[in-house]
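Structural features, examined
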Amino acid sequence: MISFQMSKEQRKQVSLVRQLAQEEIAPLALEMDQAQGDFNWHYIDVLAKHNLIAPIIPLEYGGRGLDCLTIAMFIEEIAVACAGLAAAMVGTMHAVLPIIIGGTEEQKEKFLPLLTGKQAALASFALTEPQGGSDIEILQTTADFRENVFLLNGVKDYVINGAVAKFVTVCANSNPAAKRAFQFFFVSSDQIKVNLVRNTMGIKYANTAQIAIDNVKLDKQYAIGERDSGYLLLTHTLDIGRTLIAAIEVGIARAAYQLVLQYARERQQFGRPIFSNQGVSFPLAAMATSIDAARLMVWRACDLIDKEEDFTQASSMAKMYASEVAQHVTAGAIDIIGAAAYDTNHIANVYFRDAKVCSIVGGTNNIQKMIISSLL
Ligand SMILES: Cc1cc2nc3c(=O)[nH]c(=O)nc-3n(C[C@H](O)[C@H](O)[C@H](O)COP(=O)(O)OP(=O)(O)OC[C@H]3O[C@@H](n4cnc5c(N)ncnc54)[C@H](O)[C@@H]3O)c2cc1C
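As the structure is a computational prediction, the values presented were derived from the model and not from experiment. Along every chain, residues carry numbers that run from 1 in the direction the sequence is written. Where local features are concerned, this predicted model is filtered to residues with pLDDT of at least 70; where side-chain atom pairs are given and counted, the filter is 80 or more; whole-chain, interface and lining totals use all residues. Heavy atoms throughout the structure, all of them, feed into the side-chain values; hydrogens and water do not.

**Notes on the environment of asparagine 345**
Heads up, the condition is: Numbering of helices and strands starts at the N terminus; helices are DSSP runs of H or I of at least 4 residues and strands are runs of E of at least 2. Relative accessibility decides the category of a residue: with a 1.4 Å probe and only protein chains considered, values under 20% of the type maximum give buried, values over 50% give exposed, and everything between is partly exposed. Here, residues are in contact when the closest pair of their heavy atoms is within 4.5 Å. Identification of polar contacts relies on pairs of N or O atoms within 3.5 Å, with a donor-acceptor requirement for protein atoms, meaning one able to donate a hydrogen and the other able to accept it, and with residues adjacent in sequence counted only if both atoms are side-chain atoms.
Position of asparagine 345 among the secondary structure elements: in the loop between α9 (312–337) and α10 (347–356). Residue classification places asparagine 345 among the partly exposed positions, given a relative accessible area of 45%. Not counting the four nearest positions on each side in its chain, asparagine 345 is found in contact with Leu30 and Gln34. A distance of 2.7 Å separates a polar atom in the side chain of asparagine 345 from a polar atom in the side chain of glutamine 34.

**Quick notes on the site of the ligand**
The test is simple: For each residue, the test is whether any non-hydrogen atom lies within 4 Å of the molecule or strand; if one does, the residue is near. We get accessible surface area from the Shrake-Rupley algorithm with a probe of 1.4 Å; when it comes to residues, only the shown protein chains can shield them. In the scheme used here, Gly and all other residues not listed as nonpolar or charged are polar, with Ala, Val, Leu, Ile, Met, Phe, Trp, Tyr, Cys and Pro taken as nonpolar and Asp, Glu, Lys and Arg as charged.
Around the ligand, the structure places 19 residues, and the nearest of them are Thr128, Gly133, Ser134, Tyr158 and Thr364. Taking isoleucine 160, its main chain carries an N or O atom lying 2.9 Å from an oxygen atom of the ligand. Within the complex, the protein chains bury 65% of what would otherwise be the 980 Å² of accessible surface of the ligand. Of all elements in the fold, only β1 (123–126), β3 (149–160) and α11 (365–374) reach the threshold of two or more residues within the shell around the ligand. Top contributing element to the shell around the ligand by residue count: β3, with three residues. Here the shell around the ligand is composed, by residue class, of eleven nonpolar, eight polar and no charged.

**Focus: the packing of α9 against α11**
Put simply, the rule reads: Between N-to-C directions, angles span 0 to 180 degrees; the directions come from axes that are lines fitted to C-alpha atoms, helices contributing only their stretch in contact. Roughly parallel covers angles under 35 degrees, roughly antiparallel covers those over 145, roughly perpendicular covers 65 to 115, and oblique covers all other angles. The crossing is said to be left-handed when, going from far helix to near helix, the turn is anticlockwise and less than a right angle, and right-handed when the turn is clockwise.
Here α9 crosses α11 at 150°, and the two axes come no closer than 9 Å. Classed by the angle they form, the pair α9 and α11 counts as roughly antiparallel. Two packed elements cross with a definite hand, and for α9 against α11 that hand is left-handed. From α9, Thr312, Gln313, Ser316, Met317, Lys319, Met320, Ser323 and Glu324 reach across to α11, where they touch Asn365, Gln368, Lys369, Ile371 and Ile372. For the contact of α9 with α11, a count of residues per class yields four nonpolar, six polar and three charged.

**Looking at the packing of aromatic side chains**
As a reminder of what qualifies: Two rings belonging to Phe, Tyr or Trp (six-membered ring only in the last case) form a pair when the distance between their centres is within 6.5 Å. Interplanar angles under 30 degrees mark stacking, angles over 60 mark edge-to-face geometry, and anything in between is tilted. Think of it as a cone above the ring: NZ of Lys or CZ of Arg counts as a charge over the ring if it is within 6 Å of the ring centre and within 35 degrees of the ring normal.
Throughout the structure, instances matching the rule amount to eleven aromatic pairs. Arranged with centres 3.8 Å apart and planes meeting at 10°, the rings of phenylalanine 111 and phenylalanine 186 form a pair that is stacked. Pair noted here: phenylalanine 111 is in helix α6 (residues 105–111) and phenylalanine 186 is in strand β5 (residues 182–188), with a separation of 75 residues, a long-range link. A single burial state applies to phenylalanine 111 and to phenylalanine 186, both of which are buried. One cation-aromatic arrangement involves arginine 265 over phenylalanine 275; the distance from NZ or CZ to the ring centre is 5.3 Å.

**A closer look at the domain arrangement of the chain**
What counts is decided by this rule: Bear in mind that the domain bounds are from an automatic or database domain assignment. Summed over both partners, the accessible area lost on bringing two parts together, with a 1.4 Å probe, is the buried area. The term salt bridge refers to a pairing of a side-chain nitrogen on Lys or Arg with a carboxyl oxygen on Asp or Glu at a separation within 4 Å.
Partitioning the chain into structural domains gives domain 1 (8–115), domain 2 (123–229) and domain 3 (231–374). Opposite the 29 residues of domain 1 that make contact, domain 2 presents 25 residues. For the pair domain 1 and domain 2, the two sides together bury roughly 2300 Å², of which 67% comes from carbon and sulfur. Scanning the region where domain 1 abuts domain 2 turns up zero salt bridges. Our count for the contact surface shared by domain 1 and domain 2 stands at nine residue pairs in polar contact (both at pLDDT 80 or more). For the side of domain 1 that touches domain 2, the element with the highest residue contribution is helix α5 (residues 83–102), accounting for 13 residues. Grouping the constituent residues of the side of domain 1 that touches domain 2 by class yields 18 nonpolar, nine polar and two charged.

**What about the pairing of β3?**
This is how the line gets drawn: A pair of strands counts as paired when DSSP detects no fewer than two bridges linking them.
Direction of pairing for strand β2 (residues 142–146) relative to β3: antiparallel, over a ladder of five bridges. Residue phenylalanine 145 lies in a different strand from β3, and its bridge partner there is phenylalanine 150. Linking β2 to β3, which pair antiparallel, is a turn of two residues; within it glutamate 147 sits at a positive phi near 45°.

**Considering the environment of glutamine 278**
Topologically, glutamine 278 is positioned in helix α8 (residues 278–306). C-alpha separation for the pair glutamine 278 and valine 164, spaced 114 residues apart in sequence, amounts to 47 Å.

**Examining the side chain of threonine 200**
Its location among the elements puts threonine 200 in the loop between β6 (193–197) and β7 (208–219). Engagement of the side chain of threonine 200 in a polar contact is seen with the backbone oxygen of glycine 202, the distance being 2.9 Å.

**Here's the deal with the pairing of β1**
Burial along β1 is two-sided: the face carrying Ala123 and Phe125 and the face carrying Ser124 and Ala126 are both buried. Judged from the four bridges that link them, β1 and strand β4 (residues 167–173) form a sheet pairing that is parallel. For phenylalanine 125, the partnering residue across the bridge sits in β4 and is threonine 169.

**Notes on a negative patch on the surface**
To keep things clear, this is the line we draw: Residues forming no salt bridge and having over 30% relative accessible area are the ones grouped into patches, like charges within 9 Å of each other and nonpolar side chains (Val, Leu, Ile, Met, Phe, Trp, Tyr) within 5 Å. Residues scored as charged are limited to Lys and Arg (positive) and Asp and Glu (negative), so that His and the chain ends carry no count. For the purpose of locating charges, the reference atoms are NZ of Lys, CZ of Arg, CG of Asp and CD of Glu.
Together, Glu60, Glu105, Glu106 and Glu109 give the surface a local cluster of negative charge. In this fold, glutamate 109 is placed in helix α6.

Structure (structure tokens):
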């Protein structure tokens, strides 16, 4: 049976996260937009206090063991308050997914509790390299296995939490002679070098860095999953991750919509609220409709993930559609607010810049179209 209702428990938990996000995070969103280069742990502490950094981690490893649907609802609430903070959360969840899905019991017990409880810690997922992000088959980071030890070398770029993570889950090519012979590795932050922190256009709170992995020696216990068999683990991680990114996109769109709706009701021109013009109220009606549709697509993908049914296409559809909605709604919000929103210090301007990343991160919209069309 299909239900469009949150359960009582979900309603309670989501309302707590909404309150936390609105009271402790949203008031600081503009400040966080300017926080780049100077990572402020206060906001991560706020999440850690509620064990919210990676709620996907199972209970037995100290996490909250939540289903994907509830996590998506949480992410939407955090993203309404600050998309950069939601991106730091989702980056961390990308990092733990290969461990949750493909790690040994010993690895889960050792690595996952590093991010749970009340300690404030983040992790990174490092796949993209300077030569490209879409064509994952040309990975140049290598993991050479000799004398019972892996030797890792490579450069990873645009890594969220890259300079502030406790550990990085690195995807490397473990057999350059074979196609798609990948493996994931747990690499501690003291083993990587931060080449640079990117000055990104949006989601500025999320520390985004280029990192170098130079001759890092790793014992077998740090290799996740079967040797050379990480491709499926990678696609599975990316597919789940896309749904979580889509939830951020819905959150950004909702933040812009709520802001502009209130503005349109208050702003007077020609002696009446601008909302009384259909030229303003109709775009708002379209925004409300598209946000609803995007959210339902995210929930459907989550529902499929939680039921362990085939979710790849639904996840790509949700991610692609929600990214278009986020960009459209945030651009429309700037149109309705006018000049004030053109100031980079206006929160609508932050939403607009935040939304732009949605059609790139986690696979561009063209890549989503490739995935969707391959499954038609
Ligand atoms: C803020 C930010 C945070 C990020 N965080 C992370 C992270 O934490 N970890 C991580 O590993 N990566 C991360 N990324 C990288 C992101 O996943 C990649 O940027 C993305 O996959 C696209 O890769 P690219 O930028 O190299 O573009 P390219 O792959 O070079 O693509 C360039 C253009 O060509 C198009 N294109 C490429 N191939 C095709 C094709 N076959 N058909 C049609 N069009 C095509 C693309 O759609 C795109 O428009 C992040 C990126 C950003 C901007």
